[in-house]
Amino acid sequence: MRPRGCWPVVTLLTVALSGCGWADVTGGARAPGCTVPNDEDELLDAYANDPVLAVRPEGAQSGGDVVRSTGCRQLNKEDVSNTSVTLTWRPERDYDDATLRRTFDSVASGDGWRPVVDTNVPPDVPDESTLTYCREVRGVPSRLLIRAQAAQRMDVRPSTADRPASPQWSVVAPALIYLTIYADPSCPKP
């Protein structure tokens, strides 16, 4: 299984927290010098009520409720939380770029989200599809990130030079689609 940066950790945390219903990630002290948007609770409400979060991907099971995270919380030695909401889906099949775009783009664009190129996402990540949008929400530059990860499978009887690959594969991690809306001052203005 190839490493995927911090996304597996984010996804695991999201799935774990969302299994308990609506979750608010507020643990930890506020990081010194970090500021959150004015009216953070109202901003989180606006994020959580965005129409794109109401889109149910075809054949997908809910990964739980929307997870809300307040900003500037010291999560560990290096990481600080961001004002955000996340929703996770477990589709029964992998989603490619075209299917992801067909599922979410019209709702996102219809609600004022503008597609942008995310320079932090490498263009050649295998088995992942990512859509990135920006717009202002309650006067705060915000980013919508929609990412689909293909199911991770493992050959139950690995092939060798003298043995072909097994026709049986075991799913190590299911396919996931997650949507995150977060405050992002780097989003370009229209």
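Because the structure is predicted, anything quoted here is derived from the model rather than measured.

Q: Mind showing me how you'd approach the overall build of the protein chain here?
A: Scanning the protein chain from terminus to terminus reveals three helices and ten strands. Each helix and strand of the protein chain, ordered N terminal to C terminal, gives the series α-β-α-β-β-β-α-β-β-β-β-β-β. Classification of the 190 residues of the protein chain by burial places 42% in the buried group. For the protein chain, long-range pairs separated by at least 24 residues make up 69% of all intrachain contacts whose partners lie at least 6 apart in sequence. Here the protein chain displays about 10,600 Å² of accessible surface, and carbon together with sulfur accounts for 54% of that area.

Q: Quick question: what am I supposed to make of helix H2 (residues 40-48) here?
A: Because each turn of an α-helix spans 3.6 residues, side chains separated by three or four positions end up pointing in the same direction. For H2, every residue scored as buried is listed here: Glu-40, Leu-43, Leu-44 and Tyr-47. The buried residues of H2 all sit within an arc of 100° when viewed along its axis, so they share a single face. Of the surrounding elements, those touching the buried residues of H2 are strand S3 (67-69), strand S4 (84-91), strand S6 (128-137), strand S7 (140-149) and strand S10 (176-183).

Q: When you look at the side chain of Thr-103 in this model, what are you seeing that I'm missing?
A: The residue Thr-103 is located in helix H3 (residues 97-110) in this model. Classification of Thr-103 by relative accessible area gives buried; the value is 19%. Engagement of the side chain of Thr-103 in a polar contact is seen with the backbone oxygen of Thr-99, the distance being 2.7 Å.

Q: What's the story with the pairing of S10 in this structure? I'm lost.
A: On a regular strand, each side chain points to the face opposite its neighbour's, so the side chains alternate between the two faces of the sheet. Most of S10 sits out of view: eight of its eight residues are buried. Here S10 shows a buried face lined by Leu-176, Tyr-178, Thr-180 and Tyr-182 and a second buried face lined by Ile-177, Leu-179, Ile-181 and Ala-183. Here S4 runs beside S10; their pairing, made up of six bridges, is antiparallel. From the neighbouring strand, Ser-84 faces S10, where its bridge partner is Tyr-182.

Q: Could you clarify how one ought to interpret the nonpolar core in this entry?
A: Soluble, globular proteins show a tendency: their nonpolar side chains are buried together. Of all hydrophobic cores here, the largest spans 27 residues; its most connected members are Tyr-47, Val-52, Ile-146 and Ile-177. Residue assignment for this core shows that the elements contributing at least two residues are H2, S4, H3, S6, S7 and S10. Discounting chain neighbours no more than four positions away, the residues touching Val-52 are Phe-104, Val-107, Ala-108, Leu-144, Ile-146, Leu-179 and Ile-181.

Q: What is the right way to read the environment of Cys-34 from this model?
A: Here Cys-34 is to be found in the loop between strand S1 (23-25) and H2. As a C-alpha pair, Cys-34 and Arg-73 span 39 residues in sequence and 8.8 Å in three-dimensional space. Contacts of Cys-34, omitting those with residues within four sequence positions, involve Cys-72 and Val-80.

Q: Even after reading the chapter, I still don't get the pattern of salt bridges, so can you show me in this structure?
A: Close approach of charged atoms allows side chains of opposite charge to pair. Throughout the structure, instances matching the rule amount to five salt bridges. Salt-bridge contacts for Asp-45 lead to Arg-68; the nearest nitrogen and oxygen are separated by 2.7 Å. Remark: Arg-68 occurs in strand S3 and Asp-45 occurs in helix H2; sequence separation between them is 23 residues. Between Glu-128 and Arg-147 there is a salt bridge, and its shortest N-O distance comes to 3.8 Å. Linking Glu-128 in strand S6 with Arg-147 in strand S7, this pair joins segments that are 19 residues apart in sequence. Since its relative accessible area comes to 13%, Glu-128 is described here as buried. The buried category is assigned to Arg-147, whose relative accessible area is 3%. Overlapping salt bridges bring together Asp-50, Asp-111 and Arg-135 as one network.

Definitions and cut-offs
Residues numbered from 1 in each chain as written. Predicted model: local features only at pLDDT ≥ 70, side-chain atom pairs only at ≥ 80, totals over all residues. Heavy atoms only, no water. Helix = DSSP H or I, 4+ residues; strand = E, 2+ residues; numbered from the N terminus. Buried < 20%, exposed > 50% of the residue type's maximum accessible area, 1.4 Å probe, protein only. Contact = heavy atoms within 4.5 Å. Areas by Shrake-Rupley, 256 points an atom, 1.4 Å probe, with all protein chains shown as cover. Arc of directions from axis to C-beta. Polar contact = N/O pair within 3.5 Å; in protein donor to acceptor, adjacent residues only side chain to side chain. Pairing = 2+ DSSP bridges. Core = buried A, V, L, I, M, F, W, Y, C linked by side-chain atoms within 4.5 Å. Salt bridge = Lys/Arg side-chain N within 4 Å of Asp/Glu carboxyl O.

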